[in-house]
Amino acid sequence: MDRIIIRGGRPLAGRLPISGAKNAALTLLPCALLTDEPLTLRNLPRLADVDGFGHLLNQHGVSTTVEGGRPEDFGRVMTLRAAKITSTVAPYDIVRKMRASILVLGPLVARAGEATVSLPGGCAIGNRPIDLHLKALEALGAEIELAAGYVKATAPGGRLPGGKVIFPFVSVGATENAVMAAVLARGQSVIENAAREPEIVDLCRCLVAMGASIEGIGTETLVIEGRERLYGATYRVMPDRIEAGSYACAAAITGGELDLVGARADDMTAVLAALREAGAKVEERAGDVIHISANGGIHGISLSTAPYPAFPTDMQAQFMAMLTLADGASLLTETIFENRYMHVPELARMGADIQVQGRSAMVRGVKELTGAPVMATDLRASMSLVLAGLAAKGETQVQRIYHLDRGYERLEEKLQAVGADIERIGGD
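Scoring rules and cut-offs
- Residues numbered from 1 in each chain as written.
- Predicted model: local features only at pLDDT ≥ 70, side-chain atom pairs only at ≥ 80, totals over all residues.
- Heavy atoms only, no water.
- Helix = DSSP H or I, 4+ residues; strand = E, 2+ residues; numbered from the N terminus.
- Rg over C-alpha atoms; globule rule 2.2 N^0.38 Å.
- Buried < 20%, exposed > 50% of the residue type's maximum accessible area, 1.4 Å probe, protein only.
- Contact = heavy atoms within 4.5 Å.
- Areas by Shrake-Rupley, 256 points an atom, 1.4 Å probe, with all protein chains shown as cover.
- Lys, Arg positive; Asp, Glu negative; His and termini not counted.
- Charge placed at Lys NZ, Arg CZ, Asp CG, Glu CD.
- UniProt positions renumbered as here; feature names shortened; annotations may be inferred.
- Polar contact = N/O pair within 3.5 Å; in protein donor to acceptor, adjacent residues only side chain to side chain.
- Core = buried A, V, L, I, M, F, W, Y, C linked by side-chain atoms within 4.5 Å.
- Pairing = 2+ DSSP bridges.
- Domains from an automatic or database assignment.
- Salt bridge = Lys/Arg side-chain N within 4 Å of Asp/Glu carboxyl O.

Some words on the overall build of the chain
So, step 1. The secondary structure content of the chain amounts to 14 helices and 24 strands.
So, step 2. Taken against the 2.2 N^0.38 rule, which gives 22 Å for 428 residues, the C-alpha radius of gyration of the chain at 21 Å falls within 12% of a compact globule.
So, step 3. Its C-alpha atoms put the chain at 65 × 45 × 45 Å along the principal axes.
So, step 4. A burial count over the chain gives 55% of its 428 residues as buried.
So, step 5. For the chain, restricting intrachain contacts to residue pairs at least 6 apart in sequence, the fraction spanning at least 24 positions comes to 75%.
So, step 6. As presented, the chain carries roughly 16,100 Å² of accessible surface, and 49% of it is formed by carbon and sulfur atoms.
So, step 7. Where the 43 positive side-chain charges of the chain centre and where its 49 negative ones centre are 2 Å apart.

Given below as structure tokens:
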């Protein structure tokens, strides 16, 4: 199995390109199921999860072709066409590898009138039930059955009537499924307490480009007038705010200076505010460039994760790694997932001083980290170990890096280009 070797202690410096957003791409890809015309997505990141989702769509009868760009370039242009849906079943063997696969449920039942989808897998970061997805589809008129590890959703008469969805708490995935199901409903649908993440906005804008009628984009109330059909479109995937935040932490933990090229500051308000509070210098420059420098060191802060526009749970592990070398103590509280501190024992192997109590973690800054063999447990935890390795004294070996390949496009190449001593080693 591949592993990453990092020889730390080098401040990073230079320009680092930010790829298309993983979380947006995995939401835009199933939009292809909503029309028989081609959907072309630009700036699509080269990631294992994107490839996996493409394979799932192929199983439903979607053709996928990659156009333009050279293999050495970041990002891809992919054209998808579901001229005819040949299968409404999303099988366990594919879905178990990636939780985002549940996002075919809404589009399939909206267009084909039925969908049978295996219960999903993904990172083991805690309990993530799909009950809100199912209740939303029921509110839109679907009939739901659960049997043998599969969800079967059916639209009576072959088409959802539409309805009112009121989420008891914010759910990004359930909002995405509800929006995609509602755009082809017979009547009007209202989604209240909808998630407001930038990836939701990206999804809605793509659907509008395809002919959907959606009001309230970016707010907690979405009003959708169902259309008879949607059309083809060309759409550019938004930049990855989590990747940008991760590399901002890389600049800060190494005492370096990076230009994050293509990053969108408006999508990262809470993360940039936390970086400034910790002592990093953040400057927004023309042309979607965010300049990060931290050669003056960083100090401890308090953070609590919460739905957008608050601090994202997907940045908690990376900030924890950065704060292990801060001057003073930091308090991090995880409110979204109950099992998202699995990186703590691995950081401790490198000399970090972290105590976890319930959903809070006290991080006391240490003078230095020391390289060690560490094991990645999930996508963002993997990145926290890379960040720690970049700043640690000596050599760090990160095992089980397939998690990184799910969410960070050509990570080693990007970091090498800004001065990191990092390489991927093939397994036996």
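Moving on from the coordinates now.
Some details on the UniProt feature "binding site: phosphoenolpyruvate" (unreviewed entry) in the chain
So, step 1. When the UniProt feature table is mapped onto this chain numbering, "binding site: phosphoenolpyruvate" (unreviewed entry) sits at Lys-22 and Asn-23.
So, step 2. On the secondary structure map, Lys-22 appears in helix H1 (residues 22-28).
So, step 3. Apart from residues lying up to four places away in sequence, Lys-22 is in contact with Pro-45, Leu-47, Asp-49, Asp-240, Leu-379, Arg-380, Arg-406 and Gly-407.
So, step 4. By the secondary structure assignment, Asn-23 is in helix H1.
So, step 5. Contacts of Asn-23, omitting those with residues within four sequence positions, involve Glu-199, Asp-314 and Arg-380.
So, step 6. Within the local environment of Asn-23, its side chain forms a polar contact with the side chain of Lys-22, the two groups lying 3.4 Å apart.

Topic: the nonpolar core
So, step 1. Core analysis: the biggest nonpolar cluster contains 76 residues, and Leu-29, Phe-53 and Leu-207 have the highest contact counts within it.
So, step 2. Ignoring any residue separated from it by four or fewer positions in sequence, one finds Leu-207 in contact with Cys-31, Leu-34, Val-179, Met-180, Val-183, Ala-212, Ile-214 and Leu-230.
So, step 3. Ranked by size, the runner-up nonpolar core spans 71 residues in total, among them Ala-252, Leu-323, Leu-347 and Leu-385.

Structural notes on the pairing of strand S5 (residues 76-81)
So, step 1. Taken across its six residues, S5 has five buried, putting it largely inside the fold.
So, step 2. Across four bridges, the pairing between strand S3 (residues 39-44) and S5 is antiparallel. Paired with Thr-40 across the bridge in S5 is Thr-79.
So, step 3. With five bridges connecting them, strand S4 (residues 63-67) and S5 associate as antiparallel partners. Note on S5: the bridge partner recorded for Thr-65 is Thr-79.

Digging into the domain arrangement of the chain
So, step 1. Domain boundaries assigned for the chain yield domain 1 (24-236) and domain 2 (239-425).
So, step 2. Relative to domain 2, the C-alpha centre of domain 1 lies at a distance of 30 Å.

A look at the pattern of salt bridges
So, step 1. One pass over the structure, following the stated rule, counts 23 salt bridges.
So, step 2. Note that Lys-164 and Glu-192 form a salt bridge whose closest N and O atoms lie 3.3 Å from each other. Here the residue Lys-164 occupies a position in strand S10 (residues 164-166), and Glu-192 occupies one in strand S11 (residues 188-192), the gap between them amounting to 28 residues.
So, step 3. When its relative accessible area of 25% is taken as the criterion, Glu-192 is described as partly exposed.
So, step 4. Notably, a salt bridge pairs Arg-424 with Asp-405, separated by 2.6 Å at the nearest N-O pair. Taken together, the positions of Arg-424 in strand S24 (residues 421-425) and Asp-405 in helix H13 (residues 402-407) put the pair 19 residues apart, joining distant regions of the chain.
So, step 5. Under the relative-accessibility criterion, Arg-424 is labelled partly exposed at 30%.
So, step 6. Residue class for Asp-405 comes out partly exposed when judged on its relative accessible area of 26%.
So, step 7. Ionic contacts of the salt-bridge type, sharing partners, join the residues Arg-7, Arg-10, Glu-395, Asp-421 and Glu-423 into one network.

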